[in-house]
Amino acid sequence: MNKLFALASLAATLAASPAWAQTTVKDAWVRGTVAQQKATGAFMTLTNAQGGKLLSAASPVAGVVEVHEMKMDGNVMKMAAIPSLDLPAGKAVELKPGGYHVMLMDLKQPLKDGESVPLTLTIQGKDGKKETVEVKAPIKALAMPKGHEGMHK
């Protein structure tokens, strides 16, 4: 009976271990806001062991949360929502200012330096199974990148 209990305990421990999660999130943060500002970005590095796609993100601090891409179109930097973001197997994908990022819009309150933002990421693995990853992203007070401040009013 003790062996069975030990095996069950080990199995429960391994199942709860983050090492078994398909997707890891590192260095997550959210750009702080000022009063009246209704949008900001969330940034992080995602790695999916088997490969998959970031399908969506959600947060209770924003009415709308989208995965966005910024890219040059001629001489103009353009930002747009994308349906999903590929996560190649075992490769780190950086969501950063000026590139892919999570856009938090219709903010419900200003986001202050030193606080954190809960984010829920929905990722679909190569096998079609979906996983949700909960992230607590610290807020960092940094200036908005040029050209981003008036994009979501």
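Located above this text is the structure these notes cover.
A brief structural summary.

What counts, and at which threshold
Residues numbered from 1 in each chain as written. Predicted model: local features only at pLDDT ≥ 70, side-chain atom pairs only at ≥ 80, totals over all residues. Heavy atoms only, no water. Core = buried A, V, L, I, M, F, W, Y, C linked by side-chain atoms within 4.5 Å. Buried < 20%, exposed > 50% of the residue type's maximum accessible area, 1.4 Å probe, protein only. Helix = DSSP H or I, 4+ residues; strand = E, 2+ residues; numbered from the N terminus. Contact = heavy atoms within 4.5 Å. Salt bridge = Lys/Arg side-chain N within 4 Å of Asp/Glu carboxyl O. Polar contact = N/O pair within 3.5 Å; in protein donor to acceptor, adjacent residues only side chain to side chain. Pairing = 2+ DSSP bridges. Lys, Arg positive; Asp, Glu negative; His and termini not counted.

Side note on the nonpolar core
Of all hydrophobic cores here, the largest spans 28 residues; its most connected members are M44, L54, L104 and L121. With 5 residues, the next largest nonpolar core counts A39, M70, M79 and M103 among its residues.

What to know about the environment of M44
Residue position: M44 is located in strand β2 (residues 39-48). The spatial distance from the C-alpha of M44 to the C-alpha of K96 is 6.8 Å, given a sequence separation of 52 residues. In this structure M44 touches V25, K26, D27, A28, V93, E94, L95, V102, L119 and L121, once residues within four positions along its chain are discounted.

Some words on unusual backbone geometry
Even without being glycine, D27 reaches a positive phi, approximately 55 degrees. With respect to the element layout, D27 can be found in strand β1 (residues 23-31). Assessed through its relative accessible area of 60%, D27 is described here as exposed. Of note in the backbone geometry, Q36 takes a positive phi value of approximately 75 degrees without being a glycine. With relative accessibility at 73%, the residue Q36 sits in the exposed group.

Quick word on the pattern of salt bridges
The final tally for this structure, using the stated rule, is 1 salt bridge. For K78, the salt bridge goes to D73, with nearest N and O atoms at 3.5 Å.

Notes on the environment of S59
Topologically, S59 is positioned in the loop between β3 (52-58) and β4 (62-73). When its relative accessible area of 9% is taken as the criterion, S59 is described as buried. It is 7.9 Å that separates the C-alpha atoms of S59 and L104, two residues lying 45 residues apart in sequence. Not counting residues within four places of it along the chain, the set of residues in contact with S59 comprises V65, L104, V117, P118 and L119. In this structure the side chain of S59 is engaged in a polar contact, spanning 2.7 Å, whose partner is the backbone oxygen of P118.

A short note on the pairing of strand β9 (residues 116-125)
Pairing analysis gives 6 bridges linking β3 to β9, with the strands arranged antiparallel. Residue A58 lies in a different strand from β9, and its bridge partner there is T120. Pairing analysis gives 9 bridges linking β9 to strand β10 (residues 130-140), with the strands arranged antiparallel. Pairing of V117 across the sheet is with A137, part of β10. Linking β9 back to β10 in an antiparallel pair, the connection comprises 4 residues, with G128 at a positive phi of about 90 degrees.

Overview of the side chain of E131
In this structure, E131 sits in strand β10. One buried charged residue, E131, forms no salt bridge at all, with the nearest opposite charge on K129 at 11 Å. A distance of 2.7 Å separates a polar atom in the side chain of E131 from a polar atom in the side chain of T23.

Regarding the side chain of T23
Considering the arrangement of structural elements, one finds T23 in strand β1. T23 sits in the buried class, given a relative accessible area of 4%. Looking at T23, its side chain comes within polar contact range of the side chain of N48, at 2.7 Å. Setting aside its immediate chain neighbours within four residues, T23 contacts T47, N48, I123, E131 and V133.

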